[in-house]
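Understanding the architecture of this molecule
Below, each chain spelled out in residue letters.
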Amino acid sequence: MRPTGSKITCVGGAAVDRKLRSEASVVFGTSNPVRSERSFGGVARNVAENLAHLGAQCSLMSLLGNDENGRFILHHLNQVRVDTSLILISEEHSTAEYTVVLQPDGNIALGLADMSIFDTFSPELLQRAWPELASSSWIFADCNLPAETIADLLSLKRHHSPMLAVDAVSKSKALHLPPDLRGIDALFLNSDEARSLLGQDSDDAFSAIEAAVSLRQRGAARVILTCGAAGLIAADELEVEFIRAEGTQVIDVTGAGDSLIAATLLGLMKGNPLAISARLGMVAARLTIEHSASVRPDLSLALLKASMPSIQNLVLEQGFP
């Protein structure tokens, strides 16, 4: 089946986030006063919601438990107009949950993830949904999926026409990716995840540009390698470019990478070059960092346009079918 229109399907994690904001610098081994809140999370879920805010036709394939958290996520996804018809309900596992402890400056002190439900995301589930997935112009997958499911997704993609983007998620989950990255049209990861994927020790001399080039040589068509507050490397067959980040007031870094992915994919879907699309992603990430929510609820094309006067030759005007 050939893709139609500009639909994107996100496959992977959907979770409830519990944020614990410390009132003072976190001290391990003792009690810390915090303020707590519950929100929505999971890389694929967050990317899907960001895309919906930006006007894209978007669906999510994930696993939820038959519990309060699962119903909480489903209700919200329907409210923000993400298609949930591919979401599966498990009677055996609880909905995934991510607990993050934030320092007073908004940076992460500790993250704890219960993602065991995604261990049951088998290749058979993927194959069953493939006719629907293959009708998308882009598929986005995160590495919450088991290694064998990611391998199956790459095999299916190589024989069909949808574009495929993948996010590494974490140092350990980056290892769910195979050494052969052919079939990945856009690979998103940070420096630590790149080091893990390339088998580099923490003491190795490490160049983000060299890492991006190495990942391209392994078969990834485009590599977007983030370097924290410094910026990111965008690498494709045309160029390898370091894009410096603008200074910003940090409220909460949670979800910044997910909004970067969504806006970068939006730029690519509109036909923009990788470097311009990645700049659009960095604007979305900055706007997310400046907000307390993991997915900024007022994110929109209008807000992006108002926040990026320096980006030239950006195409955003053509609508989604």
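Structure's up top.
Quick notes on the rules
- Residues numbered from 1 in each chain as written.
- Predicted model: local features only at pLDDT ≥ 70, side-chain atom pairs only at ≥ 80, totals over all residues.
- Heavy atoms only, no water.
- Axes fitted to C-alpha atoms, helices over the stretch in contact; angles between N-to-C directions.
- Helix = DSSP H or I, 4+ residues; strand = E, 2+ residues; numbered from the N terminus.
- Parallel < 35°, antiparallel > 145°, perpendicular 65-115°, else oblique.
- Left-handed = near helix turned anticlockwise from the far one by under 90°.
- Contact = heavy atoms within 4.5 Å.
- Nonpolar A, V, L, I, M, F, W, Y, C, P; charged D, E, K, R; others polar.
- Pairing = 2+ DSSP bridges.
- Buried < 20%, exposed > 50% of the residue type's maximum accessible area, 1.4 Å probe, protein only.

**Remarks on the packing of helix α3 (residues 123-133) against helix α4 (residues 147-158)**
- Here α3 crosses α4 at 30°, and the two axes come no closer than 9 Å. Relative to α4, α3 is oriented roughly parallel. Where α3 crosses over α4, the handedness of that crossing is right-handed. Listed contacts from α4 to Pro123, Leu126, Gln127 and Trp130 of α3 are Glu148, Thr149, Asp152, Leu153, Leu156 and Lys157.
- Classifying every residue of the contact of α3 with α4 gives 5 nonpolar, 2 polar and 3 charged.

**Details of the environment of Ala229**
- Along the chain, Ala229 turns up in the loop between β12 (223-226) and β13 (231-235).
- Through-space distance from the C-alpha of Ala229 to that of Thr248 is 9.3 Å; in sequence the pair is 19 residues apart.

**What about the sheet that holds strand β2 (residues 15-22)?**
- With respect to topology, 4 strands assemble into an open sheet ordered β3-β2-β7-β8, the strand pairing being mixed. Each of the sheet's edge strands pairs with one partner strand only, and the pair in question is β3 (34-41) and β8 (108-114). Sheet twist, expressed as the mean angle between neighbouring strand axes with direction ignored, is 15°.
- Note that β2 and strand β7 (residues 96-102) share 7 bridges and pair parallel. Its bridge partner being in β7, Asp17 is matched across the sheet by Tyr98.
- Relative to β3, helix α2 (residues 68-79) is tilted by about 65°, and along the sheet it contacts β2, β3 and β7.

**Some remarks on the pairing of strand β11 (residues 186-190)**
- Of all 5 residues that make up β11, 4 are buried, and the element is covered over most of its length.
- Pairing geometry for strand β10 (residues 163-167) and β11, over 3 bridges, is parallel. The partner of Ala165 across the bridge, within β11, is Ala186.
- Pairing of β11 with β12 involves 4 bridges; the strand directions are parallel.

**Quick notes on the environment of Ser155**
- Here Ser155 shows up in helix α4.
- Accessibility expressed as a relative area gives 32% for Ser155, which makes it partly exposed.
- Along the primary structure Ser155 and Arg182 are separated by 27 residues, whereas in three dimensions their C-alpha atoms are 9.3 Å apart.

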